[in-house]
Amino acid sequence: MSSSTFFSSSSINTIKSSCFTTENHSSIIPTSSFLGSTHKLRFNPLTANSPTRFIKNRQTHIVAVSDVKQKQLKSTPFVGNLLITKEEGLELYEDMILGRTFEDMCAQMYYRGKMFGFVHLYNGQEAVSTGFIKLLKQQDCVVSTYRDHVHALSKGVPAREVMSELFGKTTGCVRGQGGSMHMFSKEHNLIGGFAFIGEGIPIATGTAFTSKYNRDVLKQADCDHVTLAFFGDGTCNNGQFFECLNMAALWKLPIVFVVENNLWAIGMSHERATSDPEIWKKGPAFGMPGVHVDGMDVLKVREVAKEAVERARRGDGPTLIECETYRFRGHSLADPDELRDPSEKAHYAARDPITALKKYMIENKLANEGELKAIEKKIDELVEEAVEFADASPHPDRSQLLQNVFADPKGFGIGPDGRYRCEDPKFTQGTAHV
Amino acid sequence: MAAIFQGLGAATALSPSNCFDSNKLHYSSRRSLSGRKASFFVVRSDGSVNFASNSRAHRAQQVITNAVATKADNSAASTKAGHELLLFEALREGLEEEMDRDPHVCVMGEDVGHYGGSYKVTRGLADKYGDLRVLDTPIAENSFTGMGIGAAMTGLRPIVEGMNMGFLLLAFNQISNNCGMLHYTSGGQFTIPIVIRGPGGVGRQLGAEHSQRLESYFQSIPGIQMVACSTPYNAKGLMKAAIRSENPVILFEHVLLYNLKEKIPDEEYICNLEEAEMVRPGEHVTILTYSRMRYHVMQAAKTLVNKGYDPEVIDIRSLKPFDLHTIGNSIKKTHRVLIVEECMRTGGIGASLTAAITENFHDYLDAPIVCLSSQDVPTPYAGTLEEWTVVQPAQIVTAVEKLCQ
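Everything numeric here is computed off the predicted structure, so don't read it as measured data.

1. Focus: the overall build of chain B
Okay, so step 1: Looking only at helices and strands, chain B has 18 helices and 14 strands in total.
Okay, so step 2: Counting every position in chain B, which comprises 405 residues, the buried fraction comes to 60%.
Okay, so step 3: The long-range fraction of contacts in chain B, counting pairs at least 24 apart against all pairs at least 6 apart in sequence, stands at 82%.

2. With respect to helix H9 (residues 141-153) of chain B
Residues and elements named next belong to chain B.
Okay, so step 1: Compared with the 18 Å implied by 1.5 Å per residue over 13 residues, the 18 Å span of H9 between its first and last C-alpha is a close match.
Okay, so step 2: Counting buried residues along H9, 13 of its 13 residues qualify, which places the element largely inside the surrounding structure.
Okay, so step 3: Just past H9, the residue Gly-155 takes up positive phi, approximately 115°.

3. What about the packing of helix H15 (residues 324-334) of chain B against helix H16 (residues 349-361) of chain B?
Helix-helix packing: each pair is described by the crossing angle between the helix axes and the interaxial distance.
Residue and element names in this part refer to chain B.
Okay, so step 1: For the pair H15 and H16, the least separation of the axes is 11 Å and the interaxial angle reads 65°. Considering only the axes of H15 and H16, their crossing is right-handed. In contact with Leu-324, Ile-327, Gly-328 and Ile-331 of H15, H16 contributes Ala-356, Ile-357, Asn-360 and Phe-361.
Okay, so step 2: Grouping the constituent residues of the contact of H15 with H16 by class yields six nonpolar, two polar and no charged.

4. What about the sheet that holds strand E2 (residues 105-109) of chain B?
Residue and element names in this part refer to chain B.
Okay, so step 1: Strand order in the open sheet formed by seven strands is E3-E2-E4-E5-E7-E6-E12, with mixed pairing between adjacent strands. With partners counted over all chains shown, the strands left at the sheet margins are strand E3 (134-136) and strand E12 (318-320), one partner each. For this sheet the average axis-to-axis angle between neighbouring strands, irrespective of direction, equals 20°.
Okay, so step 2: Note: strand E6 (residues 225-228) against E12, two bridges, orientation antiparallel. Across the sheet, Met-226 pairs through a bridge with Lys-320, a residue of E12.

5. As for helix H9 (residues 239-250) of chain A
Count 3.6 residues to each turn of an α-helix, and residues three or four apart come out pointing the same way.
Okay, so step 1: With twelve residues, H9(A) extends 16 Å between its outermost C-alpha atoms, agreeing within 8% with the 16 Å of an ideal straight helix rising 1.5 Å per residue.
Okay, so step 2: Of the positions making up H9(A), those classed as buried are Gln240(A), Phe241(A), Glu243(A), Cys244(A), Leu245(A), Met247(A) and Ala248(A).
Okay, so step 3: In this structure, the buried side of H9(A) is in contact with helix H8 (200-216), strand E4 (255-261), helix H11 (282-285) and strand E8 (319-324) of chain A together with H9 of chain B.
Okay, so step 4: Positive backbone phi, at 50°, marks Lys252(A), one or two positions downstream of H9(A).

6. Details of the sheet that holds strand E2 (residues 190-193) of chain A
Residue and element names in this part refer to chain A.
Okay, so step 1: Spatially, the six strands line up as an open sheet ordered E2-E1-E3-E4-E8-E7, and their pairing is parallel. Pairing within the sheet leaves two strands with one partner each, and these edge strands are E2 and strand E7 (290-294). If you compare each strand with its neighbour and ignore which way they point, the axes differ by 15° on average.
Okay, so step 2: Here E7 runs beside E8; their pairing, made up of five bridges, is parallel. Note on E8: the bridge partner recorded for Val-291 is Ile-321.

7. Notes on the interface of chain B and chain A
Okay, so step 1: Opposite the 48 residues of chain B that make contact, chain A presents 43 residues.
Okay, so step 2: Those elements giving two or more residues to the side of chain B that touches chain A turn out to be H9, helix H10 (172-180), helix H11 (182-185) and H15 of chain B.
Okay, so step 3: At nine residues, H9(B) tops the list of elements feeding residues into the side of chain B that touches chain A.
Okay, so step 4: A breakdown of the residues in the side of chain B that touches chain A according to their chemical character gives 17 nonpolar, 25 polar and six charged.

8. A few points about the confidence of the model for chain A
Residues and elements named next belong to chain A.
Okay, so step 1: Considering every residue of chain A, the mean pLDDT works out to 86; 82% of them sit at 70 or more.
Okay, so step 2: Ignoring residues within four places in sequence, the model shows residues 1-41, a span with pLDDT below 50, making 80 contacts including any to other chains.
Okay, so step 3: Contacts for the low-pLDDT stretch residues 45-79, under 50 throughout, to residues beyond four places or in other chains number 56 contacts.

9. Here's the deal with the UniProt feature "domain: Dehydrogenase E1 component" (unreviewed entry) in chain A
Okay, so step 1: Cross-referencing UniProt, the feature "domain: Dehydrogenase E1 component" (unreviewed entry) maps to residues 95-397 of chain A in the present numbering.
Okay, so step 2: Across residues 95-397 of chain A, the secondary structure splits into 45% helix and 12% strand, with the terminal C-alpha atoms separated by 33 Å.

Analysis parameters
- Residues numbered from 1 in each chain as written.
- Chains lettered and ligands numbered in written order.
- Predicted model: local features only at pLDDT ≥ 70, side-chain atom pairs only at ≥ 80, totals over all residues.
- Helix = DSSP H or I, 4+ residues; strand = E, 2+ residues; numbered from the N terminus.
- Buried ≥ 20, exposed ≤ 12 C-beta atoms within 10 Å, placed from the backbone.
- Contact = placed C-beta atoms within 7 Å.
- Expected span 1.5 Å × (residues − 1).
- Axes fitted to C-alpha atoms, helices over the stretch in contact; angles between N-to-C directions.
- Left-handed = near helix turned anticlockwise from the far one by under 90°.
- Nonpolar A, V, L, I, M, F, W, Y, C, P; charged D, E, K, R; others polar.
- Pairing = 2+ DSSP bridges.
- pLDDT = per-residue confidence, 0-100.
- UniProt positions renumbered as here; feature names shortened; annotations may be inferred.

Okay, here's the thing in structure tokens:
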């Protein structure tokens, strides 16, 4: 049972079995030992006898490659025992390399004084963004957090526009008005980077509500748009997470809640913050499947994502997926990252999702070194070009200052002269006093 | 729109043959300078309305009876066609017209559907439009407000009801960070055509948490417009305007005004979100007010008129931004300003209004601006204490007398 039954062809069975995963873990074989934090709660002498259950009790129900393989063998024998085609593999590899290379470049540019503020990098978590977002259609929505660069890239926002935004330039994807934590793209349905913990989840619930509304009220029968809401382990202790699990399940909204559990909320270990650290279990509690997947393995993520996205598309409702992953850098570039145990970092560094995919592709003869090298070279050039573009782009002009505060600039009101302030020539010059 | 309506004068404004094209009016609502100075016509909530059959309105009745006095002859209004309804019904009528007009308009909130809304503003709408368009949400203000914003970003035009305005404090992050700022942070790509509305203000002994004066909290959020309705006429007109606006709008309703009765036109009309409303033209002093305090002011105005004063009363209606044209023109005429509000004294609407007037019209003032706000205390439960918390008509009379010395 458990995660593997999630792949059951019958959606009804899927819900049921997934709802009962907690009672039926006998058949699952943990294939990986995610230790999570090596830090335990430091109990003072008074509570020395308290159960130190935190790490011991972490039952890792991770979708095993073998599970997926068996399922693949049964359902699609023509692709052999491989999880992906060559084309898919190369696309995933390219997207992950793009994410990694882009973020490494961000770090360089940050230290070189080209970008400012809080910059949260995604290194290590690429399998999640790539595994999920590369399955989507353009009309599908992605709602991200403050760690949003790579989600934007996976969704198709051009690297040069993201880099330019980070440089605070007018050619940025939001004209230099958002910055690192506020990436948006209407064209690509990137609903946004939401910088406060949890606030993106209700927004994502709203975009999923629109899909349902379009289908049921406006009778757009072909509207099968799905929303992915990304957030971290820290967010799963926030009320908006629970409130939205409830509403999404209640109305069977086409949404997938994707938890990027990187084990740390800045300096707060997941194990120290959460009474039951198995986040995926909260899905069944709300009547939706909960799945726990190895977030360092893009192929496993992709398989789980595929099922959840299709489920949402069919109108069968939401899914909660916990991807256990790790960030290779500090919380942000301002974080000295002194708290996390070096052995923990080393453990996950050895499980680099990009290296793993590369190994899989080469071992399975889906690609050779040369092809993968060519992708790396192509992405290096693309990111270099993005930096050049951003560097050469102009800073926002003063005339931009008062734009976009209101969609209808009449919102600035009527001045003493009886005219709308936005009709004042100084308004368009950005020098009006509003 | 109101200004145009006013500019047309009473006789034509309510003529049944005068069929208003709402779209035309909406888009032509750029003010006409000459038109605004013309005769002011006020659709009034006049004292002849009988509230006696409605016990809930009892308190309101005491306050409101004969509250609206105007120099304009309103006989035209009472003889011409129109229909009489209560303020909450006017809101509902506006909502229903917009839902009929545009299938993207939907309502969400606590008990808005089957129950019909805590003040019955959405009564019967769920039956007519279905449970998805009039969505009863769980008690999760932050999340359903955020959901409304997400829906607005992707093409719907939601009206989010705070069962009590005070509950929206739980959604403050969504209202501020997402409603207010998201159009900007998205570089103008996403619009949030949402209306956030609900019953607010100091009611009758509802205790501190249910008697909030939230205007002050919301007014500094960038990217948001705020309007307060005060009559059935402007309640309907502002509701419709707010729904049609591309900007997020907070519509303040007052718990004590829901049962106010008035005859409103049968023809479709909408109000201008940015314009103030001339309630009573006068010469001696400009009294700026909004929402329920309009009726305290009009009660005081009656006394003042008997004492030989001629106050000009303006319902500012747009709490953000201020209609500085209407306000300024009045100050240039009277040279004296009294602000009467229910909002908090510190950082309230009155404080902002005082600053705006000082900044723009200081040279026209013959006396310092006087601002009567409610006291900076949590609204008390006890009736006596509650009464002393908000501004009473007698205070207004005294303030005008002092100001005009």
